[in-house]
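Understanding the architecture of this molecule
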Amino acid sequence: VSKEFKELVKEGDYVLCRTTAPLVKHCLDFLKKDIKAVVRGKDIGIQLVDLINQVSNSDCDILDFIEKIQEYKNDILSRLLEMNKEYEAEIFSDKVEAILAIGESCKTRDDICTKINNIFKDDVEGIVFCTVHKSKGLETNRVFIIHPELMPHKSAKLDWQIEQERNLINVANTRAKCELYTVK
């Protein structure tokens, strides 16, 4: 994602992406610079914490946790792929990548959970990072779509999945009242 994007985006703007992990990474970049930013979707945060609890139910240092979640990811992905569930595998992988991105600046498993609860909100304040799914029904003056190459998602193979992906592209392209930017 271009340097220009990071200079252009400001409070009140929405940053949309097909998947969660890229949003988390960029949100963290802005938070490190003390720029108010959130990832919209408290329910996504709850799902991530639930996933963390499935992997490890007690606090441990970050290296132990990363090892556990990587093993868990490999196990779940191999099962999903054996069942030809590529779409579900991509969704699961995205969640783990979001957790790992947050974990980069944490010392323990519990630190990750705390950070998730602080980042994932339904409040629309600061720069709002949002999956295209979560942006339905929202509008703002300026919208940035990051990683447009993820739409349509490569794992969408069935007719209904491809149709849903087309609908998502339409949703993403209609959230801006004034200015729409596609960031490559």
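First, a word on scope: everything that follows refers to the structure included in this document. Position numbers for residues start from 1 in each chain and track the written sequence from start to end. Two thresholds apply to this predicted model, a pLDDT of at least 70 for residue-level local features and 80 or more for giving and counting side-chain atom pairs, whereas whole-chain, interface and lining totals are computed over all residues. Remark: hydrogens and water are excluded; side-chain values derive from all non-hydrogen atoms of the structure.

1. Description of helix α7 (residues 159-173)
Secondary structure elements are taken from DSSP: a helix is a run of H or I of four residues or more, a strand is a run of E of two residues or more, and numbering for both begins at the N terminus. Here the expected length of a helix is defined as 1.5 Å per residue gap, with one fewer gap than residues. Counted at 1.5 Å a residue, the expected span for α7 with its 15 residues is 21 Å, and the 21 Å between its end C-alpha atoms agrees. We call a residue buried when its accessible area falls under 20% of the maximum for its residue type, exposed when it is over 50%, and partly exposed in between, using a 1.4 Å probe and counting protein chains only. Buried within α7 we find Q161, E165, L168, V171 and A172. Seen end-on, α7 carries its buried residues on one side only, within an arc spanning 115°. Summarising the geometry of α7, the exposed residues directed more than 90 degrees from the buried face are D159, W160 and R166. Whether two residues are in contact is decided by their heavy atoms: any pair within 4.5 Å suffices. On its buried side, α7 packs onto β1 (14-17), α5 (86-103), β5 (140-146) and β6 (176-183). The directions from the helix axis to the C-beta atoms form the arc being described.

2. Description of the pattern of salt bridges
The term salt bridge refers to a side-chain nitrogen of Lys or Arg lying within 4 Å of a carboxyl oxygen of Asp or Glu. On inspection of all chains with the given rule, the structure shows twelve salt bridges. Residues R18 and E165 are paired through a salt bridge, measuring 2.8 Å at the closest nitrogen-oxygen approach. With a gap of 147 residues between them, R18 in the loop between β1 and α2 (20-32) and E165 in helix α7 connect regions that are remote in the sequence. Exposure class is identical for R18 and E165. Each is buried.

3. Regarding a negative patch on the surface
On the surface, D59, D61, D64, E67, E71 and D111 cluster together into a negatively charged patch. Considering each element in turn, the negative patch owes the most residues, three residues, to helix α4 (residues 62-82). Looking at the secondary structure, you find D61 in the loop between α3 (42-55) and α4. Overall, D61 belongs to the partly exposed group, its relative accessible area being 38%. Put simply, a patch holds well-exposed residues, over 30% relative accessible area, that have no salt bridge, with like charges counted together within 9 Å and Val, Leu, Ile, Met, Phe, Trp or Tyr side chains within 5 Å. Every accessible area reported is derived by Shrake-Rupley at a probe size of 1.4 Å, with residue values counting cover from the shown protein chains alone. Positive charges are assigned to Lys and Arg, negative charges to Asp and Glu, while His and the chain termini are left out of the count. We put the charge of a Lys on NZ, of an Arg on CZ, of an Asp on CG and of a Glu on CD.

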